[in-house]
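Inside the fold
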Amino acid sequence: MPVGAPPFAMHAGSCSYSDDVTKLLVGLDIDGTTIHYDGHASDRVRKAVSETIAAGHEVVIATGRSVTGTMPIVELLGLEAGYLVCSNGAVTAQIDPQEPHGYRLIDSITFDPRPVLDRLKGAWPDGLVAIEVIGEGYLVSDHFPDGELVGEVRVVPWEELAQPTTRITFRSPSGTAEQFVELAEGLGLHGVNYGVGYTAWLDINPEGVSKAFALEKIRKHLEIDLADTVAVGDHRNDLEMLTWAGRGVAMGQAPDDVKAVANEVTGTVEEDGLAQVLESL
């Protein structure tokens, strides 16, 4: 069973706003939504994020990245306060420049990876496994391609991967996203949540945990109506978040199954689709 530690408790909201402004909770995916695939954010998007916060809305980064991998984006966007939903909802943190790493951990939900590891072993010829270690990096079965994992990465024997974790990542440098969708469906994964990325990349989280799961906790804490929520994302790990939000927006380059659950579709990341949504607020 998932284990949450420490208890979910947050400080008060991070920004003040006028009484005549309806405060929105705005959940933003990172890769392919806020930033381009080469890692940069356009000036228009950065300005739109800043103006959304200045208008009194609560912008929450909601990403599959680890909290360690999220902090460079926090710096890139110039965020000085607010909440972070990381590891597809298994980790929630609050930006705090006074803390050594720039954030304060609020909640983490782990699970026993051993049943999943048993199914992954030998499931793909060059399959690589990574076990997330919060605030540090990853334990991996073998070396991942350069730049794919942020933080300390340590190769360990397979048996050492079997420890409580917030997320398992299964990756193949030679496979495709379509092949991994079929692989995931055939693995018979039970008691977990999973999502396949644009490449042969499979993220596996504790059962019931998703970006929407963590955003809902933040929404309740901030006492924002569900109708006053906006979420923008571009891939399959955003499905629950886009369904949850009062206004779920899929990026223009999103797969058809992601567009299908959204209330609307904006421009692609190259067209600053996120800025189009934020400017409409």
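Rules behind the numbers
- Residues numbered from 1 in each chain as written.
- Predicted model: local features only at pLDDT ≥ 70, side-chain atom pairs only at ≥ 80, totals over all residues.
- Heavy atoms only, no water.
- Helix = DSSP H or I, 4+ residues; strand = E, 2+ residues; numbered from the N terminus.
- Buried < 20%, exposed > 50% of the residue type's maximum accessible area, 1.4 Å probe, protein only.
- Pairing = 2+ DSSP bridges.
- Axes fitted to C-alpha atoms, helices over the stretch in contact; angles between N-to-C directions.
- Contact = heavy atoms within 4.5 Å.
- Core = buried A, V, L, I, M, F, W, Y, C linked by side-chain atoms within 4.5 Å.

We now examine unusual backbone geometry. The bulk of non-glycine residues show a negative phi, and the bulk of peptide bonds are trans. Its identity as a non-glycine residue notwithstanding, Ser87 has a phi of 55°, on the positive side. Structurally, Ser87 is set in the loop between strand 4 (83-86) and strand 5 (91-95). Looking at Ser87, the relative accessible area reads 0%, which means it is buried. One non-glycine residue, Glu223, adopts positive backbone phi at about 55°. Mapped onto the elements, Glu223 comes out in the loop between helix 5 (211-222) and strand 13 (229-233).

Moving on to the pairing of strand 10 (residues 168-176). Taken together, the 4 bridges between strand 7 (residues 128-133) and strand 10 define a ladder with antiparallel strand orientation. Each residue of the ladder has a partner; that of Ala130, found in strand 10, is Thr169. Bridge count for strand 10 against strand 12 (residues 199-206) is 5 bridges, and the pairing is antiparallel. Bridge assignment links Phe170 to a residue of strand 12, and that residue is Leu202.

Strand order in this open sheet of 6 strands is 9-8-7-10-12-11, and the pairing throughout is mixed. Only two strands of the sheet have a single partner each, and these edge strands are strand 9 (152-155) and strand 11 (192-196). Here the average twist between neighbouring strands, direction ignored, is 20°. Running over the sheet, helix 4 (residues 177-186) touches strand 10, strand 11 and strand 12 and is turned about 135° from strand 10.

Turning to helix 2 (residues 67-77), a few remarks are in order. Listed in full, the buried residues belonging to helix 2 are Val67, Gly69, Thr70, Met71, Ile73, Val74 and Leu77. Looking at the buried positions of helix 2, the neighbouring elements they touch are helix 1 (43-54), strand 3 (58-62), strand 4, strand 5 and strand 6 (103-110). Backbone geometry just after helix 2 places Gly78 at a positive phi near 70°.

Here we come to the nonpolar core. Membership of the largest hydrophobic core comes to 32 residues, with the highest contact counts inside it found for Val26, Leu28, Leu79, Leu84, Val232 and Leu278. The set of elements that each furnish at least two residues to this core consists of strand 2 (25-28), helix 1, strand 3, helix 2, strand 4, strand 5, strand 13 and helix 8 (273-280). Ranked by residues supplied to this core, first place goes to helix 2 with 5 residues. Core analysis: the next-biggest nonpolar cluster, separate from the first, contains 23 residues, Trp124, Phe170, Ala200 and Leu202 among them.

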